[in-house]
There are 2 protein chains.
Amino acid sequence: MGYQTNEAASGKEAIEKTASGDFDIALLDLMMPGMSGAETLGELRKISPKTKVIMITAFATVDNAVDAIKKGASDYIAKPFKIEELLTAIRRVLEECRFEEGITKLNLDYTLSSLANPIRRNILKLLQSRKSMRLMEMVRELDIDDHTKVVFHLKMLKESSLINQDKGKSYSLTGEGERILSCLNILKNYLSA
Amino acid sequence: MGYQTNEAASGKEAIEKTASGDFDIALLDLMMPGMSGAETLGELRKISPKTKVIMITAFATVDNAVDAIKKGASDYIAKPFKIEELLTAIRRVLEECRFEEGITKLNLDYTLSSLANPIRRNILKLLQSRKSMRLMEMVRELDIDDHTKVVFHLKMLKESSLINQDKGKSYSLTGEGERILSCLNILKNYLSA
DNA sequence: AACTGCTGTGAATTGTTCTTCACAGAATAC
DNA sequence: GTATTCTGTGAAGAACAATTCACAGCAGTT
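Not measured: the values here are computed from a predicted model.

### Things to note about the nonpolar core
In terms of nonpolar packing, the biggest core is built from 52 residues, with Ile123 and Met138 of chain A together with Ile123 and Met138 of chain B touching the most fellow members. Residues in contact with Met138 of chain B, not counting those within four places in the same chain, are Ile123, Leu126, Leu127, Met133, Leu154 and Tyr171 of chain B.

What follows is the structure, given as structure tokens:
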């Protein structure tokens, strides 16, 4: 139908391909050589939560179905199935993907443009080493003459919720801020290597 | 002297702290409990190539020194040393850091602002799945009416050397482009989790 | 030789982000 | 209570990024 596809001969291979690629949907048989479909499902959801999984099985039982859905499968189809059945499921799940993608795309834009600015990166780094700082403290540390410049960037960082401010006006990293910063470190190491 | 410091009781701990932090310099004793200084040096250079290492030892031998420098240590100091000796070494190495930082900072700015744009990210994604594409092929796939818009972004990506173009005018990802893209995937998963 | 589609360039325009500056209320120091 | 420092707002403009448009060379077709 024009979809781009890729196949894996085992659960292990599926996991590997998923890790290095960017898949919308995985079609997974419950009975597979090596790692079971259920196990694979669990792993897959862990390493790539955005990839939707459709389980397929010849031995459909309620238990298996419930288990699969609980583990995060998006659909569950019993063999033998009409090809149209599968296509319907794929279309439905793809729509789901597109919707979620729209949402996270916004976040990604936001986050990346936050990180694109060196002053903001320096602020994040400062907060990482000091844990919590006041405005003027940072201004002096960053050696910037106009404090409103720093205020501007702090506002941006607050809006993308990488930092927050307590009642005492102190700024600190949010959990997300910390995660992003560690990812930034990885990136930096990639670049300098 | 106003430097921010942190300590580790073993090589293993040092590696862990380095992985999660952002250190300019590590002072490493050759004789340590558990992992040896030489081993630690190797690991450290692997996970954080930008962190400079100064080796310190009570049993200075030429072999050890040569080995350390070969493995990427920036300096090698024998005990007992005058504190001023150490400080001089630190200052020299720090200067080295500042210089390199200036260089990679440029790259980081470049790369991040490349990734900040959704069109450019889509181009990268396309190239990841298709391996190699021509201009108009992408234009149609991206559903953009003005092809010069795509040309503009392709130019940017070429400049930050995330993609390149062969004689046949086909565009494809560079090694760096692939690495950055996989890092982007990690980031995306962080955000959607 | 004329036509079509591809791959661009360069200039003008629009749009966004960043900086600067004038100002002001709240907290703290004297 | 007055001065000073801190924390911020909002508007104007500068700097930078992205889009649009007119055009042009080249390759292949008819």
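Moving on from the coordinates now.
### Details of the protein's contact with DNA strand C
As a matter of local geometry, DNA strand C sits amid 20 residues, with His153 of chain A together with Arg134, Met136, Gln165 and Tyr171 of chain B nearest to it. The separation between a base nitrogen of DNA strand C and a polar side-chain atom of Thr148 of chain A is 3.0 Å. In the model, a phosphate oxygen of DNA strand C is placed 3.1 Å from a nitrogen or oxygen of the Arg140 of chain B side chain. When contributions to the surface near DNA strand C are tallied by element, the ones reaching two or more residues are helix H5 (118-130) and helix H7 (147-159) of chain A together with helix H6 (135-142) and helix H7 (147-159) of chain B. Here the element with the most residues in the surface near DNA strand C is H7 of chain A; it accounts for five residues. Of the residues that constitute the surface near DNA strand C, the class distribution is seven nonpolar, six polar and seven charged.

### Brief notes about the protein's contact with DNA strand D
If you check the shell around DNA strand D, you find 20 residues, and the closest are Arg134, Met136, Gln165 and Tyr171 of chain A together with His153 of chain B. Considering the 4 Å shell around the protein, atoms of DNA strand D inside it are sugar or phosphate in 56% of instances. Arg134 of chain A places a polar side-chain atom, nitrogen or oxygen, 2.8 Å from a phosphate oxygen of DNA strand D. Measuring from a phosphate oxygen of DNA strand D, one finds a side-chain N or O atom of Asn117 of chain B at 3.1 Å.

### Regarding helix H1 (residues 11-20) of chain B
Residues and elements named next belong to chain B. What H1 keeps buried is the set Gly11, Ala14, Ile15 and Thr18. Buried residues of H1, seen end-on, are gathered within an arc of 100 degrees and therefore sit on one face of the element. Relative to its buried face, H1 has exposed residues pointing more than 90 degrees away, namely Lys12 and Ser20. Against the buried residues of H1 lie helix H2 (37-47).

### Focus: the pattern of salt bridges
Residue and element names in this part refer to chain A. Enumeration over the complete set of coordinates arrives at 14 salt bridges over all chains. With a closest N to O distance of 2.9 Å, Glu141 and Arg130 form a salt bridge. With Glu141 in helix H6 (residues 135-142) and Arg130 in helix H5, this residue pair connects regions lying 11 residues apart in the sequence.

### Structural notes on the packing of helix H5 (residues 118-130) of chain B against H7 of chain B
Residues and elements named next belong to chain B. Between H5 and H7, the shortest axis-to-axis distance is 10 Å and the interhelical angle comes to 75 degrees. As summarised for this structure, H5 and H7 are arranged roughly perpendicular, according to the angle between their axes. For the pair formed by H5 and H7, the contact residues are Ile119, Arg120, Ile123 and Leu124 on the first element and Lys149, Val150, His153, Leu154, Met156 and Leu157 on the second. Classifying every residue of the contact of H5 with H7 by side-chain character gives seven nonpolar, one polar and two charged.

### Considering the side chain of Ser160 of chain A
All names here are of chain A. Mapping Ser160 onto the fold places it in the loop between H7 and strand S5 (163-165). Only 2.8 Å separates the side chain of Ser160 from the side chain of Ser114, close enough to count as a polar contact. Not counting chain neighbours up to four residues away, the residues in contact with Ser160 comprise Tyr110, Ser114 and Glu176.

### Remarks on helix H2 (residues 37-47) of chain A
All names here are of chain A. Here H2 has its buried residues at Gly37, Ala38, Thr40, Leu41 and Leu44. Viewed along the axis of H2, the buried residues span an arc of 155 degrees, placing them on a single side of the element. Close packing links the buried residues of H2 with helix H1 (11-20), strand S1 (25-29), strand S2 (52-57) and helix H3 (62-70).

### Quick look at the sheet that holds strand S4 (residues 132-133) of chain A
All names here are of chain A. Read across the open sheet, the three strands follow the order S4-S6-S5; overall the sheet is antiparallel. The open sheet has two edge strands, S4 and S5, and neither has a second partner. Judged from the three bridges that link them, S5 and strand S6 (residues 171-173) form a sheet pairing that is antiparallel. Residue pairing across strands places Gln165 opposite Tyr171, the latter belonging to S6.

### Let's talk about the packing of H1 of chain B against H2 of chain B
Residue and element names in this part refer to chain B. Their axes nearest at 10 Å, the elements H1 and H2 cross at an angle of 10 degrees. With respect to their mutual orientation, H1 and H2 come out roughly parallel. Residues Gly11, Ile15, Thr18 and Ala19 of H1 touch H2, and the partners they reach there are Thr40, Glu43, Leu44 and Ile47. Residues of the contact of H1 with H2, tallied by class, amount to four nonpolar, three polar and one charged.

What counts as what
Residues numbered from 1 in each chain as written. Chains lettered and ligands numbered in written order. Predicted model: local features only at pLDDT ≥ 70, side-chain atom pairs only at ≥ 80, totals over all residues. Heavy atoms only, no water. Core = buried A, V, L, I, M, F, W, Y, C linked by side-chain atoms within 4.5 Å. Buried < 20%, exposed > 50% of the residue type's maximum accessible area, 1.4 Å probe, protein only. Contact = heavy atoms within 4.5 Å. Near = heavy atom within 4 Å. Polar contact = N/O pair within 3.5 Å; in protein donor to acceptor, adjacent residues only side chain to side chain. Helix = DSSP H or I, 4+ residues; strand = E, 2+ residues; numbered from the N terminus. Nonpolar A, V, L, I, M, F, W, Y, C, P; charged D, E, K, R; others polar. Arc of directions from axis to C-beta. Salt bridge = Lys/Arg side-chain N within 4 Å of Asp/Glu carboxyl O. Axes fitted to C-alpha atoms, helices over the stretch in contact; angles between N-to-C directions. Parallel < 35°, antiparallel > 145°, perpendicular 65-115°, else oblique. Pairing = 2+ DSSP bridges.

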